[in-house]
Amino acid sequence: MTHVKTAEPTRRSLGLWGCFDVDTLDDQIRVRVGVHELSARRPDLAIRLFAPFGSSRPIAVAADLAVEAIAPVTGARVRALAQELDAVVIVGDPAQHGADWLRTAYAGHPEVDPRDIDAAIALCAAPGECGPVGHDAVAPHPALLARRVWPFGVCEQRREFLRAMHWWPQHGAAVVVSGHDGECDRIDALVAALGDVDVTVLGAAHGDDVFSTRLTERVGPRARHMPASLSSIDDRVAAVAGAHAVISSDPCALALADAFGRPRGAVHAPGSVVSSAPDEFGADEATLDAHYDSLAALVPGDVVPALAAPEVLALRAALDARALRTAHERVVLADYVRAVRNNTAAELAAVRAELARTPVQRLRAIVRRGRRRQ
Amino acid sequence: MSAGRDRPLVSVCMVAHGAHDWVARTLDALTAHTDPAHCELVVIDSASPDDTASLLREYAPTSPIPMRVHYSEHNLGFAAGNNLAANLARGSMLCLLNTDALVPAGWLDPMVAPLVADDAIGATVPLFVGLDGRLQEAGTNVEADGRVEAFGIRADPDDVEWSWPRRIATGSAACWMTRTATFRALGGFDAGYGLAYYEDVDLAFEMARRGLRLELVPSVRVVHAQGASSPSNAAAEVRRDANQARFVARQAAMLTHRWHTRDLPNEPHRSMAARDVDVPTRVLVIVDEIPALGDRRVPTPSADTRVTIASANDARPAAAQSWRALGVEVVGDPVSTARARLFQYDEVVAPAVWLDAHTELLADAQPQASLTVAV
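This is a predicted model, so every value here is computed, not measured.

Asks: Explain the overall build of chain B residue by residue, including any values.
Replies: A tally of helices and strands in chain B yields 13 helices and 17 strands. In terms of overall dimensions, chain B is globule-like: its C-alpha atoms have a radius of gyration of 22 Å, near the 21 Å expected for 375 residues. By principal-axis analysis of the C-alpha atoms, chain B measures approximately 70 × 45 × 40 Å. Counting the 375 residues in chain B, one finds 59% classified as buried. Put simply, 74% of the contacts in chain B that link residues at least 6 apart link residues at least 24 apart. Surface accessibility of chain B: about 14000 Å² in total, with carbon and sulfur atoms responsible for 53%.

Written out as structure tokens, the structure is:
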């Protein structure tokens, strides 16, 4: 098989910049939704992902993303990026994590020079001269479009894996809870509010150990802990998509719940669980679509209306079905032709054999047949 | 593939459940034949009932390939075990490798290269050879009722029929190379299949549903001690039958236009149609002698186009081998090929003289094909 890619000598590039090389639900959801929406609108563009250390410091949760490193931040590197990229979209808010949190997350890896951390974070938040700069949406949260990236069927299949891992009830569903260590004072109220339902506690990579451990212990055998160190973003999305309800103070988790039409609520001090009805999906999706349209237009060129994933799949399936049908019909036809030919040949041989016999032989054969009938 | 920083990091994922000796042999073959610079090894010990866990604890610290092991308290099965390994993988490529599959020298790059070069390829699968040296599988056919039938079973692996890369419906996940992004986007293996069987066939169909193809890489021959890492044959058969029913229920729409070959006379037109069923366009190029690469009479093969060169003159074996390396089938006598492969081709390319001389044959055996005069 020849494997030749079409040459792309002058393909323009749109850079997505963010902390995609750390394991947080918000960053990991935003980047996937962003890639999905922008590449659908601008198939002519190369969508390139950048994070402070990128794939030079590979982490499991982002292994499905090709993330380039911003570091080391040198004058030459900044100039090269400015030349290569036609526009930049800052995804999420790199500053929201806080420099200390990011330094802790990045520290200790052999590919990370501690001197690069602050400069890389700063450049990630403010790309400077890399063409027009846009930001992905703050409100509504892009996770509201998660259904486009993670279809219901894929989530349902993925929950079979969650069951195999004992992260999900063997039958039925669970209430999904996520939180961080700063919310430990709310655990008592949460346990009281949860009652007798099955619970799956979503782990986060940094700073949730105490919260998730304590909550899991307090809820008892009905609680299952899905550790961030073993689970993928797909697992966390699948859990939210199939939840009885989602309880979290994380806007991303709540937007995910809205995306899949799951009831959701937040825990508020001093300990009451406040439910809120999902927003009007249609209106919010339209707002997000308009926002991604504007981001796609940062690089001059035609913004094409995005085909919904189910439509694309249906078209591909129809094409494959046509090929299979053609092949099948040919085999049926070939079988038929062979059968006709074989029958014809057999009949011809019988007639010839009959003709080859003498009149006496024929007469004897008729007599034999008559005796057999008697 | 060029060496250096551009080479993708490959995460080799293994799920062990006992079979200590085979796990050791598989690890030894892997570490002996793999450049550790762009590879990592993720092993799930799935509650091994023997001392496999001890072996892995000893092996990991000194493994030439960076190795991580997760010890599960319960047997996750093949699908969930591989999904967990894929969750832990940091590479952009995943190699799913059975614990009874021995990779040969130089195996990695040919398995990765098609995936790097062609976005339409979802996974690559090697040729599987049994312990007796005979061919075990060169891709697998899937029949209308969901049964799977390996191509080339017990054949001579050196036969030229198995020497050219091609699109296949599916292949055993005893050794699969795929992109991490592809595997995750499809939800990984369906863990609903339980301990084993049919999760790979199902994933291949899910790939096909999204326009991704599986590619056979015949230059890589993996020795597979089929069943060495599984329980008894009887238990395996029960599991296989149960999962076949699940597979048919999930993929009924995709099975509609497939057919049975096993229960019917093994005639050439049937076996060829089964081999090429997933390739929409088939072209037969008839030539006096095998041309050099680049000859414009021969179209470029692709996932959607299978090209067969037929020549009665086998005087240029090197040229034939070059075409096969590109994924072109090269066969002998054009007349018997056209006759035996009834209704197989969409297009027949041949010299005008040949077409004139074989009008009746083509009308009889390939009436559906468009005829093109080779210039």
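Asks: Residues and numbers for a nonpolar patch on the surface, please.
Replies: All names here are of chain A. A surface patch of nonpolar side chains, about 300 Å² in accessible area, is lined by Leu 333, Tyr 336 and Val 340. Here Val 340 is to be found in helix α12 (residues 309–356). Exposure remark for Val 340: the relative accessible area of 37% places this residue in the partly exposed category.

Asks: Residue-level account of the sheet that holds strand β15 (residues 329–331) of chain B, with values.
Replies: All names here are of chain B. Taken together, 5 strands build an open sheet; the order of strands is β15-β14-β13-β16-β17 and the sheet is parallel. Two strands in the sheet have a free side with no partner beyond their single neighbour: β15 and β17 (370–373). Recorded for the sheet is a direction-independent mean angle of 20° between the axes of neighbouring strands. One ladder, built from 3 bridges, connects strand β13 (residues 281–286) with strand β16 (residues 347–350); its direction is parallel. The residue bridging Val 285 from the neighbouring strand is Val 349, located in β16.

Asks: Can you lay out the environment of Ala 339 of chain A for me, pointing to particular residues and giving the numbers?
Replies: All names here are of chain A. When you line up the elements, Ala 339 lands in helix α12. Look at Ala 339 and you get partly exposed, because its relative accessible area is 36%. In the structure, Ala 339 is positioned 223 residues away from Asp 116 in sequence and 76 Å away in space, judged by C-alpha atoms.

Asks: Could you give me a rundown of a positive patch on the surface, with the residues and numbers involved?
Replies: All names here are of chain A. Side chains of Arg 364, Arg 368, Arg 369 and Arg 372 sit close together on the surface and give a patch of like positive charge. Mapped onto the secondary structure, Arg 369 falls in helix α13 (residues 359–373). For Arg 369, a relative accessible area of 41% translates into the label partly exposed.

Asks: Explain the interface of chain B and chain A to me, and be specific about the residues and the numbers.
Replies: If you look at the interface, chain B gives 67 residues, while chain A gives 42 residues. Interface of chain B and chain A: buried area, both sides summed, is about 4600 Å²; carbon and sulfur atoms make up 57% of it. Our enumeration of links across chain B and chain A arrives at 2 salt bridges. The salt bridge partner of Asp 64 of chain A is Arg 184 of chain B, with a shortest N-O separation of 3.4 Å. Across the contact surface, chain B and chain A share 14 residue pairs in polar contact (both at pLDDT 80 or more). Of all elements in the fold, only α3 (77–88), α4 (108–117), β10 (166–168), α5 (180–185), α6 (199–209), α7 (233–250) and α9 (268–275) of chain B reach the threshold of two or more residues within the side of chain B that touches chain A. Its residues placed into classes, the side of chain B that touches chain A shows 29 nonpolar, 19 polar and 19 charged.

Asks: A description of empty space enclosed by the protein should follow, citing residues and the corresponding values.
Replies: As enumerated under the stated definition, the model contains 6 cavities of 30 Å³ or more in all. There is about 190 Å³ of room inside the largest cavity. Forming the walls of the largest cavity are 17 residues, and the residues nearest its centre are Asp 320 of chain A together with Arg 167, Ala 208, Arg 258 and Asp 278 of chain B. Taken together, the elements giving at least two residues each to the lining of the largest cavity come down to α12 of chain A together with β10, α6 and β12 (213–224) of chain B. Here the residues of the lining of the largest cavity are counted per class, giving 12 nonpolar, no polar and 5 charged.

Asks: Before we move on, can you summarise the nonpolar core with the specific residues and values?
Replies: Ile 29 of chain A together with Val 12, Trp 107, Trp 176 and Met 177 of chain B are the most contacted members of the largest nonpolar core, which totals 141 residues. For Trp 107 of chain B, the contacting residues outside a window of four places in its chain are Val 12, Leu 30, His 33, Thr 34, Cys 95, Cys 175, Met 177 and Val 220 of chain B. Val 337 of chain A together with Leu 284, Leu 342 and Leu 355 of chain B belong to the second-largest nonpolar core, a separate cluster that totals 18 residues.

Asks: Residues and numbers for the sheet that holds strand β3 (residues 67–69) of chain A, please.
Replies: All names here are of chain A. Here 5 strands make up an open sheet; going across it, the order is β3-β2-β1-β4-β5 and the pairing parallel. The open sheet is flanked by β3 and β5 (133–135), the only strands paired with a single partner. Direction aside, the axes of adjacent strands within the sheet are offset by 30° on average. Pairing of strand β1 (residues 13–17) with strand β4 (residues 87–90), which is carried by 4 bridges, proceeds in the parallel orientation. By the bridge assignment, Gly 15 is partnered in β4 with Val 88. Sheet strands in contact with helix α1 (residues 25–41) are β1 and β2 (46–51), and its direction is about 160° off that of β2.

Conventions used here
Residues numbered from 1 in each chain as written. Chains lettered and ligands numbered in written order. Predicted model: local features only at pLDDT ≥ 70, side-chain atom pairs only at ≥ 80, totals over all residues. Heavy atoms only, no water. Helix = DSSP H or I, 4+ residues; strand = E, 2+ residues; numbered from the N terminus. Rg over C-alpha atoms; globule rule 2.2 N^0.38 Å. Buried < 20%, exposed > 50% of the residue type's maximum accessible area, 1.4 Å probe, protein only. Contact = heavy atoms within 4.5 Å. Areas by Shrake-Rupley, 256 points an atom, 1.4 Å probe, with all protein chains shown as cover. Patch = residues over 30% accessible without salt bridge, like charges linked within 9 Å, V, L, I, M, F, W, Y side chains within 5 Å. Salt bridge = Lys/Arg side-chain N within 4 Å of Asp/Glu carboxyl O. Pairing = 2+ DSSP bridges. Axes fitted to C-alpha atoms, helices over the stretch in contact; angles between N-to-C directions. Lys, Arg positive; Asp, Glu negative; His and termini not counted. Charge placed at Lys NZ, Arg CZ, Asp CG, Glu CD. Buried area = accessible area lost by both parts, 1.4 Å probe. Polar contact = N/O pair within 3.5 Å; in protein donor to acceptor, adjacent residues only side chain to side chain. Nonpolar A, V, L, I, M, F, W, Y, C, P; charged D, E, K, R; others polar. 1 Å grid on protein atoms, 1.4 Å probe; cavity = no way out; pocket = protein on both sides within 12 Å on 5 of 7 lines; lining within 4 Å. Points joined across faces, edges and corners; volume = space filled by probe spheres on them. Core = buried A, V, L, I, M, F, W, Y, C linked by side-chain atoms within 4.5 Å.

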